[in-house]
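For reference, the chains in residue letters:
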Amino acid sequence: MDTAPLLVATADPDALDDALRWCAAVGVTPEVASDAVAARRSWSAARAVLVVADLAGPLAGTAPPRRDGVLLVDPGAAEGSVWRHAVALGAEAVLDARDEPVVLDRLGALLDGGGEAASLAVVGAVGGAGASTLATVVALEAARRGHRPVLVDADPRGAGVDRGLGAERV
């Protein structure tokens, strides 16, 4: 049985809207659990778990096993109970839902490739369209995230990615 890469645990419709928007931004379709029992059932199968503060206490009460890839999101100012629940759940971080770039960065890091190989071809329609720049930036970001990208410039008429990287003498 295929499992979703991300489990989102929340009963709060506003928080769910935010979580679904974040999932779309990182390119995943999550499994959604609106109560602690459903979240506990899918806890171990998902690659990552995003728990919203409204279900953190009830889910912690089910004593789920420790696992990697758990993030707790607090839609408001983090209170003491949120931190206690984060410890009980073994969360890697407590994130402020209002700081979307941080949430997206953590989700993206958790759900990135996981050892899978990927190919990306970037083709410019005309010279100067920025295809080499885009390909270079994608490769640099992949390297920043710990992957081992291979960047190939197959345009015999272009300046070359070595020039874009400032490595024409290397």
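These notes cover the structure that comes with them. (Residues numbered from 1 in each chain as written. Predicted model: local features only at pLDDT ≥ 70, side-chain atom pairs only at ≥ 80, totals over all residues. Heavy atoms only, no water.)

### Section: the nonpolar core
- Core analysis: the largest hydrophobic core is formed by 21 residues, its most contacted members being Trp43, Val51, Leu59, Leu72 and Leu89.
- If you list the elements that add at least two residues to this core, you get strand E1 (6-9), helix H2 (36-42), strand E3 (48-52), helix H3 (53-60), strand E4 (70-74) and helix H4 (80-89).
- When residues in this core are grouped by element, the largest group, five residues, is from H3.
- Not counting chain neighbours up to four residues away, the residues in contact with Leu59 comprise Ala36, Ala39, Arg40, Trp43, Val51, Pro64 and Leu89. (Core = buried A, V, L, I, M, F, W, Y, C linked by side-chain atoms within 4.5 Å. Buried < 20%, exposed > 50% of the residue type's maximum accessible area, 1.4 Å probe, protein only. Helix = DSSP H or I, 4+ residues; strand = E, 2+ residues; numbered from the N terminus. Contact = heavy atoms within 4.5 Å.)

### What about the sheet that holds E3?
- Strand order in the open sheet formed by five strands is E2-E1-E3-E4-E5, with parallel pairing between adjacent strands. Edge positions in the open sheet fall to strand E2 (31-33) and strand E5 (93-96), since each of these has one partner strand only. The mean angle between the axes of side-by-side strands here comes to 25°, regardless of whether they run parallel or antiparallel.
- Note: E3 against E4, four bridges, orientation parallel. Opposite Val51, over in E4, you have Leu72 as the bridge partner. (Pairing = 2+ DSSP bridges. Axes fitted to C-alpha atoms, helices over the stretch in contact; angles between N-to-C directions.)

### So, the pattern of salt bridges
- The tally for this structure, following the rule as stated, stands at six salt bridges.
- Linking Glu100 and Arg21 is a salt bridge whose minimum nitrogen-to-oxygen distance equals 2.1 Å. Of this pair, Glu100 sits in helix H5 (residues 100-111) while Arg21 is found in helix H1 (residues 13-26), placing the two residues 79 residues apart along the sequence.
- Between Arg144 and Asp105 there is a salt bridge, with its nearest N and O atoms 3.9 Å apart. Pair noted here: Arg144 is in helix H6 (residues 131-144) and Asp105 is in helix H5, with a separation of 39 residues, a long-range link.
- With a relative accessible area of 54%, Arg144 lands in the exposed category.
- Look at Asp105 and you get partly exposed, because its relative accessible area is 39%.
- Members of the salt-bridge network, linked through shared partners, are Asp18, Arg21 and Glu100. (Salt bridge = Lys/Arg side-chain N within 4 Å of Asp/Glu carboxyl O.)

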